[in-house]
Structures are given as C-alpha cells and as structure tokens.
Amino acid sequence: FRSQQPANYFILSVLAFLLWLPAMVKGPVEIPAMHTMPLYAWLLEFLNGRAGVIVAWLLVVAEAFYLNILINRYEVLYKPSFLPALFYILLASFSREVMWLHPILLVNLMLLVFFDRSFGLFKHPSPTRLLFDASFFLGLACLVHLPSVIFYILLLLCMGIVRSLSAREWMVTAVGYFLPAYFLAVWFFWKGTLKEWILSLSLQLPSLKNLPASWPP
C-alpha cells in the first residue's frame, strides 16, 4: 500500500467487503435510540436493515479513497501511498457495533468535501464558489447530525488563517451555511410543522452527573 498501483483500489475494496461481510449477512446491530435530524431520518426510512449496511460499506470505501486522494493531492504526506485509505477502512470496520448506517458516516463525507474546498482557498484569485461550497456542505452536515454545528467554528478558523478579512467572503460563508436549513424550514413551514421541528431540536451534551464532586487525595 506504499505505492500508487491502481490494483490497490480493488484490494482495499475487497478488504472492506470481507470486514463488513458478517454485518451484511447477519444484519446490523440494534440501532441505539437517538435524536435524528431530518435528512438522516428520511434516509433511514429507505435504508434500514441490510440495505443500510451495504450503503454504509460503500460510503466507507468511497470516503477512504476520497481521503486518500485529498492527502496525496495536497501533499500531506511526504510520499503518495494508499496507507490513509487502509487506515480509514480499518478504523471504520473495527467492530460490528459501528457497521451500520450511522450519521457520522454521512457527516464524514461532507467534511471531506469541506476540506477539499477549504484547501483550495489558499491564494485562490476568486474563492467565492469554494467558500460557498464548503459552508453549504457543513450546513448539510448539521441537518444529518446536529452536533456537527461545531464545525462552523472550523470554517471560520480556516477563513481567518488562509484568507484576509473580507465582508463579502464572510457573507457568502454565512449564506452557504444557513441555506440548507432555510430550505428545510420552508419545507416544514409548507407542511405546517415548522414550530414542532424547531422545538424538537436539542443539542445533547455529555452528562456531568456521574463525575465525582472532588478528586481523591
């Protein structure tokens, strides 16, 4: 996997298939109860059971190759190889408990697109489209998994590091980020369920009840 042989695409796909084969045969584990965002809830209506496992396997393979392409394109490692794709597949397949179509897989895909657009911002003469695409996919990620809202801070940091401060670029970023939520709000408003959807939103943070009140001496 240290070389750029095209055969590695086939080998990694087969490796991922073998790792996910038990989950495809036996079906996914019991999906834990959680608050689902609209896009993810709609996907689960059509992709449950073994169909969801197969789609999750395809996502893992596609994301592994996409990550590998990004790392090699932007020269993150000193030498191009397929090791990033290999490690991603192994980490995403280490247990049957994670072999199902969970929202993190979809968020990972959108984050990869975000990084692809963000890396291209450096010294780009006209970054408006890249900024819009990056912020738009982060907005989509929030409609899949609400805690992804934290990644908006990452977008602001990227802009502050690789771009000079420009009111027009900040405005494009804000419009791209909130546009998916705007379209979804229009949909719920048309259905008459906008208020119920807004009230159902809750960003679940880790509970602090089980933490000790004081450290032992």
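A quick note: this is a predicted structure, and the numbers were derived from the prediction, not measured.

S.K.: I'd like a rundown of the overall build of the chain, residues and numbers included.
M.R.: Secondary structure assignment for the chain yields nine helices and zero strands. When the helices and strands of the chain are listed from N to C terminus, the series reads α-α-α-α-α-α-α-α-α. Residues counted as buried form 37% of the 217 residues belonging to the chain. Put simply, of all contacts in the chain between residues at least 6 apart along the chain, 77% involve residues at least 24 apart. As presented, the chain carries roughly 13,300 Å² of accessible surface, and 71% of it is formed by carbon and sulfur atoms.

S.K.: Describe the pattern of salt bridges, and please don't skip the residues or the numbers.
M.R.: Inspection of every chain in the model, using the stated rule, returns three salt bridges. A salt bridge links Arg73 to Asp116, with the shortest nitrogen-to-oxygen separation between them at 3.0 Å. With a gap of 43 residues between them, Arg73 in helix 3 (residues 50-73) and Asp116 in helix 5 (residues 103-119) connect regions that are remote in the sequence. Residue classification places Arg73 among the partly exposed residues on the basis of a relative accessible area of 46%. The structure contains a network of salt bridges with shared partners spanning Arg73, Asp116, Arg117 and Asp133.

S.K.: Got a sec to walk through the side chain of Thr173? Specific residues and values, please.
M.R.: Residue position: Thr173 is located in helix 8 (residues 167-191). Excluding residues within four positions of it along the chain, Thr173 makes contact with Leu131, Ser135, Tyr152, Leu155 and Met159.

S.K.: Go over helix 7 (residues 151-162) with me, naming the residues and quoting the values.
M.R.: In this model helix 7 runs 17 Å from its N-terminal to its C-terminal C-alpha over 12 residues, within 8% of the 16 Å that 1.5 Å per residue would give. Taken together, the buried positions of helix 7 are Tyr152, Leu155, Cys158 and Met159. Buried residues in helix 7, looked at end-on, bunch into an arc of 110°, giving them a common side. Contacts from the buried residues of helix 7 go to helix 5, helix 6 (128-144) and helix 8.

S.K.: Requested: an account of the environment of Leu130, with residues and values cited.
M.R.: By secondary structure assignment, the location of Leu130 is in helix 6. Residue Leu130 is classed as buried on the basis of its relative accessible area of 18%. Between the C-alpha atom of Leu130 and that of Ser118, which follows or precedes it by 12 residues, the distance is 7.1 Å. If sequence neighbours within four positions are ignored, Leu130 has contacts with Arg117, Gly120, Leu121 and His124.

S.K.: Quick rundown of the nonpolar core? Include the residues and the values.
M.R.: Grouped burial of nonpolar side chains is what soluble globular proteins tend to show. In terms of nonpolar packing, the biggest core is built from 40 residues, with Leu12, Trp20, Val60 and Phe114 touching the most fellow members. Looking at this core, the elements that each hand over two or more residues are helix 1 (7-26), helix 3, helix 4 (83-91), helix 5, helix 6 and helix 7. It is helix 3 that contributes the most residues to this core, eight residues altogether. Formed by six residues, the second largest nonpolar core is a distinct cluster that contains Met37, Leu146, Leu184 and Phe188.

S.K.: Let's hear about a nonpolar patch on the surface: which residues, and what values?
M.R.: Nonpolar side chains collect at one region of the surface, where Phe10, Ile11, Val14, Phe17, Leu18, Leu21 and Val25 lie side by side and expose about 630 Å² of accessible area between them. Relative to the helices and strands, Val14 is located in helix 1.

S.K.: Any details on the packing of helix 7 against helix 8? Residues and values, ideally.
M.R.: Two elements in contact, helix 7 and helix 8, have axes separated by 12 Å at closest approach and are oriented at 160°. As far as their axial angle goes, helix 8 and helix 7 are roughly antiparallel. Crossing angle aside, the handedness with which helix 7 passes helix 8 is right-handed. Counting all contacts with helix 7, which are made through Tyr152, Leu155, Leu156 and Met159, the residues of helix 8 involved are Glu169, Trp170, Thr173, Ala174 and Tyr177.

S.K.: Quick rundown of the confidence of the model for the chain? Include the residues and the values.
M.R.: Mean pLDDT over the chain: 83, with 88% of residues reaching 70 or higher. pLDDT under 50 marks residues 204-217. Its contacts with residues more than four places away, or in other chains, come to one contact.

S.K.: Kindly report on the packing of aromatic side chains, identifying the contributing residues and their values.
M.R.: This structure, assessed with the given rule, holds 13 aromatic pairs. Where Phe17 meets Trp57, the ring centres are 5.6 Å apart and the plane angle is 65°; that geometry is what we call edge-to-face. Taken together, the residues Phe17 in helix 1 and Trp57 in helix 3 connect sequence positions 40 residues apart. For the pair Phe136 and Phe137, a centre-to-centre distance of 6.1 Å together with 90° between the ring planes defines the contact as edge-to-face. The class of Phe137 is partly exposed, set by a relative accessible area of 24%. Here the aromatic cluster, defined as three or more aromatic residues joined through ring pairs, consists of Tyr74, Phe114, Phe115 and Phe119.

The rules behind these values
Residues numbered from 1 in each chain as written. Predicted model: local features only at pLDDT ≥ 70, side-chain atom pairs only at ≥ 80, totals over all residues. Heavy atoms only, no water. Helix = DSSP H or I, 4+ residues; strand = E, 2+ residues; numbered from the N terminus. Buried < 20%, exposed > 50% of the residue type's maximum accessible area, 1.4 Å probe, protein only. Contact = heavy atoms within 4.5 Å. Areas by Shrake-Rupley, 256 points an atom, 1.4 Å probe, with all protein chains shown as cover. Salt bridge = Lys/Arg side-chain N within 4 Å of Asp/Glu carboxyl O. Expected span 1.5 Å × (residues − 1). Arc of directions from axis to C-beta. Core = buried A, V, L, I, M, F, W, Y, C linked by side-chain atoms within 4.5 Å. Patch = residues over 30% accessible without salt bridge, like charges linked within 9 Å, V, L, I, M, F, W, Y side chains within 5 Å. Axes fitted to C-alpha atoms, helices over the stretch in contact; angles between N-to-C directions. Parallel < 35°, antiparallel > 145°, perpendicular 65-115°, else oblique. Left-handed = near helix turned anticlockwise from the far one by under 90°. pLDDT = per-residue confidence, 0-100. Phe/Tyr/Trp six-rings, centres within 6.5 Å; stacked < 30°, edge-to-face > 60°.

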